[in-house]
Amino acid sequence: MKHAKKCMVLLLVLAMLVSFGGCKKSDDTGKSTNGSNTTDTQKGDDKEAVKTYNGQDVSKPVELVLYYIGDVYKDQDKVMEEINKILKDQINATITLKNIALSDYTTKYALTIAGGEKMDLIYTSSWAYYQTEATKGAFAEVTDQVLTDYMPLTKANQSEASFGQAKIDGKVYFIPNNMSNVNANAIVIRGDLREKYGLDKLQTIEDLTAYYQAIANDKESGVTFPYAAAQNNDLGKLIFYFANNDFVQIAGNVQNYFTYKYSDNVSSSDIFWIYDTEEYLAYAKLMKEWADKGFWSKSSIANATDVKESFINGTSASYIQNLGTVGATASQVTGTHPEWKPEVVDLTPDANRFLGAYTGDGIAVLANSENKERAFMAVDLLKFNEDLYNLARHGIEGVHYSKVGDDYWKAEANNDNWPFGNAVSWGFKNNMYERTREDTFPDQVAISDQWKAKEKESPTAAFSFDDTNVKTEMANLQNVYIQYVPLLDLGLVDDVEGTIAKFQEQAERAGMQKIMDEVKTQLDAFFAR
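About the criteria used
Residues numbered from 1 in each chain as written. Predicted model: local features only at pLDDT ≥ 70, side-chain atom pairs only at ≥ 80, totals over all residues. Heavy atoms only, no water. Salt bridge = Lys/Arg side-chain N within 4 Å of Asp/Glu carboxyl O. Buried < 20%, exposed > 50% of the residue type's maximum accessible area, 1.4 Å probe, protein only. Helix = DSSP H or I, 4+ residues; strand = E, 2+ residues; numbered from the N terminus. Pairing = 2+ DSSP bridges. Axes fitted to C-alpha atoms, helices over the stretch in contact; angles between N-to-C directions. Contact = heavy atoms within 4.5 Å. Patch = residues over 30% accessible without salt bridge, like charges linked within 9 Å, V, L, I, M, F, W, Y side chains within 5 Å. Areas by Shrake-Rupley, 256 points an atom, 1.4 Å probe, with all protein chains shown as cover. Lys, Arg positive; Asp, Glu negative; His and termini not counted. Charge placed at Lys NZ, Arg CZ, Asp CG, Glu CD. Expected span 1.5 Å × (residues − 1).

1. Some thoughts on the pattern of salt bridges
Tallying each qualifying case throughout the model produces 27 salt bridges. Between aspartate 120 and lysine 118 there is a salt bridge, with its nearest N and O atoms 3.1 Å apart. Judged by relative accessible area, which is 0%, aspartate 120 ranks as buried. Lysine 118 sits in the partly exposed class, given a relative accessible area of 42%. A salt bridge links lysine 514 to glutamate 473, with the shortest nitrogen-to-oxygen separation between them at 3.2 Å. Of this pair, lysine 514 sits in helix α19 (residues 512-528) while glutamate 473 sits in helix α17 (residues 471-489), placing them 41 residues apart in sequence. What you see here is one network of salt bridges that share partners, running through Arg194, Glu195, Lys201, Lys341 and Glu343.

2. Focus: the sheet that holds strand β12 (residues 185-190)
Taking strand neighbours across the sheet as the criterion, the 3 strands line up as β16-β12-β17 in an open arrangement whose pairing is antiparallel. Whereas interior strands pair on both sides, the edge strands pair on one side only; in this sheet they are β16 (318-322) and β17 (342-345). Strand-to-strand twist of the sheet, defined as the mean angle between neighbouring strand axes without regard to direction, takes the value 25°. Here β12 pairs with β16 via 5 bridges, running antiparallel. For alanine 186, the partnering residue across the bridge sits in β16 and is glutamine 321. Seen against the sheet, helix α10 (residues 234-245) touches β12 and β16 and runs at an angle of roughly 80° to β16. Its contacts with the sheet put helix α16 (residues 442-454) on β12 and β17, and the angle it makes with β17 is roughly 5°.

3. What to know about a negative patch on the surface
On the surface, Asp71, Asp306, Glu309 and Asp416 cluster together into a patch of negative charge. Along the chain, aspartate 306 turns up in the loop between α11 (278-292) and α12 (307-312).

4. Concerning α11
Taking 1.5 Å per residue as the helical rise, α11 with its 15 residues ought to reach 21 Å, and the 21 Å between its terminal C-alpha atoms agrees with that figure. Burial in α11 covers these residues: Tyr280, Leu281, Tyr283, Ala284, Met287, Lys288, Trp290 and Ala291. Structurally, α11 contributes buried residues whose contacts are with α9 (205-218), α10, α17 and α18 (496-510). Where α11 terminates, the next one or two residues include glycine 294, which has phi positive at roughly 80°.

Right, dumping it as structure tokens:
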């Protein structure tokens, strides 16, 4: 199927080159020479070259500004130079990247858009203010005419379901990704330490507790903490609270506040506030037990060291992230420290596994962009031109990665300077061109197969909350949340029940109930459509 889709794209590109005059241009003698997206028009005795894409005039060079959420990568300029060579050739445009740090996006995203700075493209998604900004008029509408005129590859190959999920009052304001995978986390540990302490393969949260306890008791040389928690425990929370209780995250700007237990017949009445439950109390008490036993630092709330780096350099004995990331980390450690015998484990194998929505990543064109048409064309190519896609997702061939056959890839020495799946590429994800890493960790493959066998779509996968009616309450609740939840999630409080009670009181004062009522009202409309 993947090869068939690739062929469809290739045929469409070839047809475009022929139909749009992209294969020929005349030299001074009138003979045809090979050229890209260029035709000749006659004006009196003069000849004028007109560069086109899909029949649209792109003769005027433009520079596009793209904002993404994430870190700046070491080889970013090198990769963008190669990307811009192709974009310049195809649509006479180049892209300049600007970033909003992942740690700052909740406070800086809307301000960046409202600031009046020139920008043409920006990453957005169900969790990164798509609905909120779209309803403000920040994003250009993606109409069928836009797809026909400026995004022919997208129109031919993008999943129809993705645009269905992206609709707000019947209209679409961004181009979602073309990929839907299971949204769940796993954990990688050191198998050598598990064996050293005579423990069986980890299968449950209780098994992980025993593993952490053994390491903490022994004060393993070089290992500072069993888990090097940093600033919050969101990654672990997805396992220890959500998956462990079969609770579903409501993606977007209310994902930290409300949830529901999965069933085949979910309604708005099933939604509840996360923190006023026996399940959260049990989770918070477990986290305090772990913190008190020294499983992570008492100052982890201020720890800015990347959790992954701590595992790779051996100062911690575990790392939690999505399955692909922990699998890649296990492969990396196998190459650098094979004696560590890394193992990837799923601690909640009986939990439902939900597909992330197509709207979990995507790119919007700004409504006030002076180059909307060219911006749409750039997205069209970055997603559906395989050379550009590989540059965005993998980097420069032979430098950051190498292809292995038709379906696999392997990391090269400079892979970390532009890693696969980097944040710049999130908005362009497309299953048609995704490759599997040649040395994919065996545990990752086994767990992935198990998850695929039971994957299902979350009832609220395509729901995106519009906070227009509760902006003040959302801001107030976020301030209260920051004050209490990271500490509770890390067990860094003296009295769990007392702290939750104080948090509950202040959350109610901040307007939590009004927000939840608004969520339920919007969910009623969502389920009814």
